[in-house]
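Coordinate inspection notes
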Amino acid sequence: MNKRIIFVLAVLLCWTATEAKAQWAIGIKGGWTCTSPDRSIAGRIDETYSRLSGFDAGFQARCEFNDWIALRADLSYMKRSHRMDRNLNYLDPVFTEYRNDYLMLPVMADFSFGGEALRGHLLCGGFAGYWLQSRIKGTTYWMTDYYVFFDDFNQKREFNSEDQRFTAGLVGGVGLNWDITDHVGLNLDALYYYDLVSYRKSYAHLSDPRYLNTLSIDLGVYYKF
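For the structure given in this document, a descriptive report is provided here.

**Some points on the pattern of salt bridges**
What the rule picks out here adds up to 18 salt bridges. For Asp 179, the salt bridge identified is with Lys 224, shortest N-O distance 3.3 Å. One end of the pair, Asp 179, is in strand S8 (residues 166–179); the other, Lys 224, is in strand S10 (residues 210–224), with 45 residues separating them in the sequence. Note on accessibility: Asp 179 and Lys 224 belong to one class, buried. Here Arg 210 and Asp 208 are joined by a salt bridge, their closest N and O atoms 2.9 Å apart. Classification of Asp 208 as buried rests on a relative accessible area of 7%. Salt bridges sharing common partners tie together Lys 29, Arg 72, Asp 74, Asp 189 and Asp 218.

**Looking at the packing of aromatic side chains**
Taken as a whole and judged by the stated rule, the model has seven aromatic pairs. Ring geometry for Trp 131 versus Tyr 199: centroids 6.0 Å apart, planes at 80 degrees, classification edge-to-face. Note that Trp 131 is positioned in strand S6 (residues 118–143) and Tyr 199 in the loop between strand S9 (184–195) and S10, a separation of 68 residues in sequence. For the pair shown, Trp 131 and Tyr 199 are each scored as buried.

**Concerning the pairing of strand S1 (residues 23–39)**
As judged from the 13 bridges shared by S1 and strand S2 (residues 47–64), these two strands associate in the antiparallel manner. Bridging across to S2, Thr 33 finds its partner in Gly 54. Bridge analysis of S1 against S10 gives 15 bridges, and the strand direction is antiparallel. Opposite Gly 27, over in S10, you have Tyr 222 as the bridge partner.

**Side note on the nonpolar core**
Core analysis: the largest hydrophobic core is formed by 12 residues, namely Met 78, Tyr 102, Met 104, Met 108, Leu 123, Phe 127, Trp 131, Val 171, Leu 191, Tyr 193, Tyr 199 and Leu 212. When contributions to this core are tallied by element, the ones reaching two or more residues are strand S5 (95–114), S6 and S9. Apart from residues lying up to four places away in sequence, Phe 127 is in contact with Met 104, Leu 105, Pro 106, Thr 167, Ala 168, Gly 169, Leu 170, Val 171, Tyr 193, Tyr 194 and Asp 195.

What counts as what
Residues numbered from 1 in each chain as written. Predicted model: local features only at pLDDT ≥ 70, side-chain atom pairs only at ≥ 80, totals over all residues. Heavy atoms only, no water. Salt bridge = Lys/Arg side-chain N within 4 Å of Asp/Glu carboxyl O. Helix = DSSP H or I, 4+ residues; strand = E, 2+ residues; numbered from the N terminus. Buried < 20%, exposed > 50% of the residue type's maximum accessible area, 1.4 Å probe, protein only. Phe/Tyr/Trp six-rings, centres within 6.5 Å; stacked < 30°, edge-to-face > 60°. Pairing = 2+ DSSP bridges. Core = buried A, V, L, I, M, F, W, Y, C linked by side-chain atoms within 4.5 Å. Contact = heavy atoms within 4.5 Å.

Listed below in structure tokens is the structure:
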């Protein structure tokens, strides 16, 4: 089914390209992100996972085939972070924040509507990404026969054989473009990145898939030529 959808979109884009001369727009963008972790029930029951905010920044390119359809691709550096809290009473202070840096490449069909200067956009497609680095911050604990001691930490996390650094998934959202002049404009986008690849590898003796789903709200400026 997915192959059929991709084929139909490819044919549609090729057809529209022959109908009119394509116009290009390139620009930069940046904004706020919020990432929600999604982990299977195979995880430990005394752990609670929650979302964390971050930011992203990068480049955008759009090829407009006609007034209503275009192809858009972005390349951005994105913070995809989350938090884990221990939920046992005597371990309430224990938590870990995972500050993850990703390189993201979404490619989307861009359907637009509206007037000449101000236009709305519906975007849908897929993305690929690469996990660049990770940092962990929080509070850990150690125990004796009578006491529990807590220590703070803030350090770079080294990757291991269980980490899946490549990711891919679906992306979609809405946007608003405003052409200030014939060549310069502003755009505001809200995109949701839905992972289809677990960032933790599965093995025959253990399957514990974990995903990161990220909402980004970006403001950008572009140049049309």
